[in-house]
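Secondary and tertiary structure notes
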Amino acid sequence: MLKQSKKVLEYELPIKIEPQKSGGFVATSPFWQDCYAQGDTIDEAVLEITAVAQTLLELYKEEGLEIPLKTVKESKVTSPITVPIIVSS
């Protein structure tokens, strides 16, 4: 097993989830207008907006744009990497 140290940033993404009249849910971020997604369920909407945020973070970094989110934590990790799992209750 390779032991590599990687810099990891954790961001806080406030979201708002609203049901749609036609069915499904829309997730938006009041702090990041470019970050929004939809899903058939709340869980799917949360997963989709998480993926959108990850893609936008990479794009903003590549383009040198300011990321409109607070950094919650910056750390160096080796193995194993933990991944947060989010589900609605």
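Note that the coordinates shown come from a computational prediction; the quantities given were computed from them, not determined experimentally. (Residues numbered from 1 in each chain as written. Predicted model: local features only at pLDDT ≥ 70, side-chain atom pairs only at ≥ 80, totals over all residues. Heavy atoms only, no water.)

**With respect to the pairing of strand β4 (residues 36–39)**
Side chains A37 and G39 of β4 all project onto a buried face; the interleaved residues Y36 and Q38 project onto a face where none is buried. Relative to β4, strand β3 (residues 25–28) is paired through 4 bridges, and the arrangement is antiparallel. Residue pairing in the sheet places T28 in a bridge with Y36 of β4. (Buried < 20%, exposed > 50% of the residue type's maximum accessible area, 1.4 Å probe, protein only. Helix = DSSP H or I, 4+ residues; strand = E, 2+ residues; numbered from the N terminus. Pairing = 2+ DSSP bridges.)

**Some remarks on the nonpolar core**
Among the nonpolar cores identified, the biggest contains 13 residues, and W32, C35 and I67 are the most heavily contacted of them. For this core, the leading source of residues is helix α1 (residues 42–63), giving 6 residues. When sequence neighbours within four positions are dropped, the list of residues in contact with W32 reads L13, A53, L56, L57, Y60, P68 and L69. (Core = buried A, V, L, I, M, F, W, Y, C linked by side-chain atoms within 4.5 Å. Contact = heavy atoms within 4.5 Å.)

**Quick word on the environment of A37**
Within the fold, A37 resides in strand β4. Residues A37 and I17 lie 20 residues apart in sequence; the distance between their C-alpha atoms is 9.5 Å.

**Regarding the confidence of the model for the protein chain**
A low pLDDT means the predicted coordinates there should not be read in detail. Overall, the predicted model of the protein chain reaches an average pLDDT of 83, with 74% of residues at or above 70. For the protein chain, strand β5 (residues 70–77) is the element with the lowest average pLDDT, namely 68, and β4 is the one with the highest, namely 96. (pLDDT = per-residue confidence, 0-100.)

**Section: α1**
Compared with an ideal rise of 1.5 Å per residue, which puts 22 residues at 32 Å, α1 spans 31 Å between its outermost C-alpha atoms and is within 8% of the ideal. Along α1, the positions that sit buried rather than exposed are A45, V46, I49, A53, L56, L57 and Y60. Taken down its axis, α1 places every buried residue within 115 degrees of arc, on the same side. Exposed residues pointing more than 90 degrees away from the buried face of α1 are listed as L47, T55, E58 and E62. A positive phi of about 70 degrees marks G64, the residue just after α1. (Expected span 1.5 Å × (residues − 1). Arc of directions from axis to C-beta.)

**Comments concerning the pattern of salt bridges**
Per the counting criterion, the structure on display carries 1 salt bridge. Here E18 and K16 are joined by a salt bridge, their closest N and O atoms 3.2 Å apart. You can call E18 partly exposed: its relative accessible area is 35%. (Salt bridge = Lys/Arg side-chain N within 4 Å of Asp/Glu carboxyl O.)

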